[in-house]
Amino acid sequence: MILIRVLLFSLLGWPPASFADDIRLAVASNFLGPVQAIARAFERDSGHRVRISSGSTGKLYAQIVNGAPYDLFLAANDREPERLDREGRIAPGSRYTYAFGVLVLWAPDALQETPADELAASIVAGGQRIAMANPNTAPYGAAAEAMLKAWGQWDALQGRVIRGENVAQAYQFTASGNVGFGFVALSQMLNPNQPPAGRYWRVDDTLYSPIRQQLVLLKRAADKPAAAAFWQYLKSSATRQQIVAFGYGLE
């Protein structure tokens with residue numbers, strides 16, 4: 001059985017447990033739940049260990065530029081991965097889109113039968129605060145800003161917008177009851193272990209630029225087999241099915 005396991009890992013490009021390695025991921029906060037599930041499956045299948053650091057895409061980019069020892073970067077957009085590519089900080093040819101993010105508006109106190117247009121009207125007239133990620137560092141925040149501008153309400157709502165560092169904080173602000181509405185990721189609404197209260201509305205994706213979430217293998221890990229194995233694992237059909245089930249689109 002051990003021999004079969006060793007041969008199988010060799011065929012797949014994965015080492016037996018005695019050659020297991022650690023992989024360090026920098027992951028945008030919206031994708032933390034999905035990547036934790038994917039990492040558990042990868043660890044089980046490969047014998048490697050995955051270490052995950054999560055935050056806003058902008059802050060993770062800054063950490064990478066300042067020497068943080070990550071092997072792979074799963075961003076929430078394509079801007080920072082493109083910058084890393086131009087700066088020569090990634091393995092050539094390693095940048096690709098692993099998912100498309102979906103923005104939703106969440107109202108925890110709304111009834112399930114509340115119409116979407118009633119939710120929208122209550123934002124304007126209801127006086128409640130709205131949580132969103134920081135548009136300057138978080139792609140979901142930029143998408144929320146674009147949506148409100150397209151709606152003609154960005155300037156009018158400035159005094160009621162509460163900005164989180166990332167979309168995870170926007171979710172926390174909304175879940176706590178401190179704000180009445182939150183712009184969050186669809187994936188956060190589909191967590192089977194934490195079903196959301198109230199009602200959420202999927203924002204028309206023509207109102208914001210596509211949230212093209214890209215992955216790069218960083219240059220420091222270009223010759224690291226374990227990191228390359230995880231990069232490839234994310235492209236497998238089984239993993240892609242998981243990503244869709246978590247509320248993302250695919251290219």
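The structure we're discussing is the one just above.
Heads up: these notes are all about the structure in this document. Treat the numbers as computed from the prediction; the structure is a model and nothing was measured.

1. Comments concerning the sheet that holds strand β7 (residues 161-164)
Logical step 1: Strand order across the open sheet formed by 5 strands is β7-β6-β8-β5-β9, with mixed pairing between neighbours. Each end of this open sheet is capped by a strand with a single partner; those strands are β7 and β9 (199-202). The mean inter-strand angle of the sheet, taken between neighbouring strand axes irrespective of direction, is 30°.
Logical step 2: Pairing analysis gives 4 bridges linking strand β5 (residues 103-107) to β9, with the strands arranged antiparallel. Opposite Val104, over in β9, you have Arg202 as the bridge partner.
Logical step 3: Lying over the sheet, helix α6 (residues 139-151) contacts β5, β6 (130-133), β8 (181-185) and β9, oriented at roughly 125° with respect to β8.
Logical step 4: Each of β5, β6, β7 and β8 is contacted by helix α7 (residues 167-175), which is oriented at about 145° to β8, the strand it contacts most.

2. What to know about the environment of Ala228
Logical step 1: Following the sequence through the fold, Ala228 ends up in helix α9 (residues 225-233).
Logical step 2: Judged by its relative accessible area of 32%, Ala228 is partly exposed.
Logical step 3: Ala228 sits 11 residues away from Leu217 along the chain, and the two C-alpha atoms are 7.5 Å apart.

3. Points about the pairing of strand β10 (residues 211-217)
Logical step 1: The buried fraction of β10 is high, at 6 of 7 residues.
Logical step 2: Pairing geometry for strand β3 (residues 72-74) and β10, over 3 bridges, is antiparallel. Bridged to Phe73 within β10 is Val216.
Logical step 3: Of the strand pairs in this sheet, strand β4 (residues 96-101) and β10 are connected by 5 bridges, and their pairing is antiparallel. Across the sheet, Tyr96 pairs through a bridge with Leu215, a residue of β10.

4. Structural notes on the pattern of salt bridges
Logical step 1: By the definition in use, this model includes 14 salt bridges.
Logical step 2: A salt bridge links Glu145 to Lys149; the nearest nitrogen and oxygen atoms lie 2.8 Å apart. Of this pair, Glu145 and Lys149 both sit in helix α6, 4 residues apart, which is roughly one turn of that helix.
Logical step 3: Judged by its relative accessible area of 19%, Glu145 falls in the buried class.
Logical step 4: Within this structure, Asp22, Arg49 and Arg51 form a network of salt bridges that share partners.

5. Notes on the nonpolar core
Logical step 1: Counting residues in each nonpolar core, the largest one holds 62 residues, and the members touching the most others are Phe31, Leu72, Leu74, Phe183 and Phe230.
Logical step 2: Beyond its immediate stretch of four places on either side in the chain, Phe31 contacts Ile38, Leu74, Tyr98, Gln213, Ile243 and Tyr248.
Logical step 3: One finds Ala26, Phe73, Leu84 and Ile90 within the second-largest nonpolar core, a separate group that totals 12 residues.

6. Here we look at empty space enclosed by the protein
Logical step 1: Under the criterion given, the structure shown has 1 cavity of 30 Å³ or more.
Logical step 2: Its volume calculated, the largest cavity comes out at about 50 Å³.
Logical step 3: Around the largest cavity, the lining residues are Ala28, Ser29, Asn30, Gly55, Ser56, Thr57, Ala76, Ala138, Pro139, Tyr140, Asn166 and Val167.
Logical step 4: For the lining of the largest cavity, the class distribution of residues is 6 nonpolar, 6 polar and no charged.

7. Comments concerning the packing of helix α3 (residues 57-65) against helix α4 (residues 79-86)
Logical step 1: Running from amino to carboxyl end, α3 crosses α4 at an angle of 20°, the nearest separation of the two axes being 10 Å. Relative to α4, α3 is oriented roughly parallel. With respect to the hand of their crossing, α3 and α4 are arranged in right-handed fashion. On α4, the residues that touch Thr57, Gly58, Tyr61, Ile64 and Val65 of α3 are Glu80, Arg83 and Leu84.
Logical step 2: Partitioned by chemical class, the residues of the contact of α3 with α4 number 4 nonpolar, 2 polar and 2 charged.

8. Examining the packing of aromatic side chains
The geometry of an aromatic ring pair is captured by the separation of the ring centres together with the interplanar angle, meaning the angle of the planes.
Logical step 1: In total, this model carries 6 aromatic pairs according to the counting rule given.
Logical step 2: Measuring from centroid to centroid gives 5.2 Å for Phe42 and Tyr233, while their planes differ by 70°, and the two rings are edge-to-face. Taken together, the residues Phe42 in helix α2 (residues 32-46) and Tyr233 in helix α9 connect sequence positions 191 residues apart. Neither Phe42 nor Tyr233 differs from the other in exposure class; each is buried.
Logical step 3: For the ring pair Tyr96 and Trp231, a centre distance of 5.3 Å and an interplane angle of 90° mean the geometry is edge-to-face. With Tyr96 in strand β4 and Trp231 in helix α9, this pair connects stretches of sequence that are 135 residues apart. The two residues Tyr96 and Trp231 agree in class, both being buried.

Rules behind the numbers
Residues numbered from 1 in each chain as written. Predicted model: local features only at pLDDT ≥ 70, side-chain atom pairs only at ≥ 80, totals over all residues. Heavy atoms only, no water. Pairing = 2+ DSSP bridges. Helix = DSSP H or I, 4+ residues; strand = E, 2+ residues; numbered from the N terminus. Axes fitted to C-alpha atoms, helices over the stretch in contact; angles between N-to-C directions. Contact = heavy atoms within 4.5 Å. Buried < 20%, exposed > 50% of the residue type's maximum accessible area, 1.4 Å probe, protein only. Salt bridge = Lys/Arg side-chain N within 4 Å of Asp/Glu carboxyl O. Core = buried A, V, L, I, M, F, W, Y, C linked by side-chain atoms within 4.5 Å. 1 Å grid on protein atoms, 1.4 Å probe; cavity = no way out; pocket = protein on both sides within 12 Å on 5 of 7 lines; lining within 4 Å. Points joined across faces, edges and corners; volume = space filled by probe spheres on them. Nonpolar A, V, L, I, M, F, W, Y, C, P; charged D, E, K, R; others polar. Parallel < 35°, antiparallel > 145°, perpendicular 65-115°, else oblique. Left-handed = near helix turned anticlockwise from the far one by under 90°. Phe/Tyr/Trp six-rings, centres within 6.5 Å; stacked < 30°, edge-to-face > 60°.

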